[in-house]
Amino acid sequence: MQPPSIPTPAWWTISVFATVAFLMVTVPIMPTTRSRVQVSLAPVLAALFAVASAYAKHYGPETLLPMYTAAMLGIPLGLLGHQRELKQKILDREAHGERPENKPSGAAVAQLVGVLMVMAALAVWITSDTW
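So, how was this worked out
Residues numbered from 1 in each chain as written. Predicted model: local features only at pLDDT ≥ 70, side-chain atom pairs only at ≥ 80, totals over all residues. Heavy atoms only, no water. Helix = DSSP H or I, 4+ residues; strand = E, 2+ residues; numbered from the N terminus. Contact = heavy atoms within 4.5 Å. Areas by Shrake-Rupley, 256 points an atom, 1.4 Å probe, with all protein chains shown as cover. Lys, Arg positive; Asp, Glu negative; His and termini not counted. Charge placed at Lys NZ, Arg CZ, Asp CG, Glu CD. Buried < 20%, exposed > 50% of the residue type's maximum accessible area, 1.4 Å probe, protein only. Core = buried A, V, L, I, M, F, W, Y, C linked by side-chain atoms within 4.5 Å. Salt bridge = Lys/Arg side-chain N within 4 Å of Asp/Glu carboxyl O. Axes fitted to C-alpha atoms, helices over the stretch in contact; angles between N-to-C directions. Parallel < 35°, antiparallel > 145°, perpendicular 65-115°, else oblique. Left-handed = near helix turned anticlockwise from the far one by under 90°. Nonpolar A, V, L, I, M, F, W, Y, C, P; charged D, E, K, R; others polar. Expected span 1.5 Å × (residues − 1).

S.K.: Hey, could you run me through the overall build of the protein in this one?
M.R.: What the protein contains, in helices and strands, is six helices and zero strands. Along the first, second and third principal axes, the C-alpha atoms of the protein reach 50 × 30 × 25 Å. The long-range share in the protein, meaning contacts at least 24 apart out of those at least 6 apart in sequence, stands at 73%. Accessible area for the protein stands at about 8,100 Å²; split by element, carbon and sulfur atoms hold 72% of it. Looking at the protein, you have 9 positive and 7 negative side-chain charges, and the mean spots of the two groups are 7 Å apart.

Shown next, in the form of structure tokens:
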């Protein structure tokens, strides 16, 4: 099965919408100002990583934008159903520091990693004709 051929200008639009979706889903579930700021910086850091990858590996936007979009959509999808746990763990971590009690559950980690792997595989498949 051939991957869809999506033009680069469309990927820019999709990436912007993915970033907005990421922010709309993840920022409101963060319980503290510090965690909201940290999560808000994630798209900026991801974009900087994409630019560094483009420079180092000579990838073009037709490769990087699907990968960026997959990450921006995969993180909120991977957190679905674990928002209450995430809030509690963040509050505990900020109140008591890093300790075993405030580590995410195995189910939350498995879901996040599983979703990110599926999204990464989808992005690789979509970009397979550009390599």
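So much for the structure itself; the text now carries on.
S.K.: How do you make sense of unusual backbone geometry when you look at a structure like this?
M.R.: Among all residues except glycine, the phi angle is most often negative; among peptide bonds, the trans geometry is most common. A positive phi angle, near 60°, is found at H58, a position not held by glycine. Within the secondary structure layout, H58 lies in the loop between α3 (42-57) and α4 (61-79). The class of H58 is exposed, set by a relative accessible area of 70%.

S.K.: I'm lost on the nonpolar core in this one. Help?
M.R.: A18, F22, V27, I29, M30, V39, Y68, M72, L79 and I90 together form the largest nonpolar core, which totals 10 residues. Contributions of two or more residues to this core are made by α1 (8-29) and α4. The element contributing the most residues to this core is α1, with four residues. Leave out the neighbours within four places in its chain, and L79 touches T26, I29, L86 and Q111.

S.K.: It is not clear to me how the pattern of salt bridges should be interpreted in this structure. Could you clarify?
M.R.: Where charged atoms from two side chains of opposite charge approach closely, those side chains can pair. Considering all chains together, one arrives at four salt bridges under this definition. Salt-bridge contacts for D92 lead to R99; the nearest nitrogen and oxygen are separated by 2.6 Å. Looking at D92, the relative accessible area reads 16%, which means it is buried. Between E98 and R93 there is a salt bridge; the shortest N-O distance is 3.2 Å.

S.K.: What is the right way to look at the packing of α1 against helix α2 (residues 33-40) in this model?
M.R.: Between two packed helices, the angle of one axis relative to the other and the distance separating the axes together describe the packing. For the pair α1 and α2, interaxial distance at closest approach is 9 Å and the crossing angle is 160°. One finds that α1 runs roughly antiparallel with respect to α2. Where α1 crosses over α2, the two elements pack in a sense that is right-handed. Taking contact as the criterion, the partners of F22, L23, T26 and V27 in α1 are, on α2, R36, V39 and S40. Tallied by class, the residues present in the contact of α1 with α2 amount to four nonpolar, two polar and one charged.

S.K.: Mind showing me how you'd approach α3 here?
M.R.: Side chains three or four residues apart in an α-helix point the same way, a direct result of the helix having 3.6 residues per turn. For α3, which comprises 16 residues, the first-to-last C-alpha distance of 22 Å matches the rise-based estimate of 22 Å (1.5 Å per residue) to within 8%. Elements that come into contact with the buried residues of α3 comprise α1, α2 and α4. Immediately beyond the C-terminal end of α3, within one or two residues, lies H58, with a positive phi of roughly 60°.

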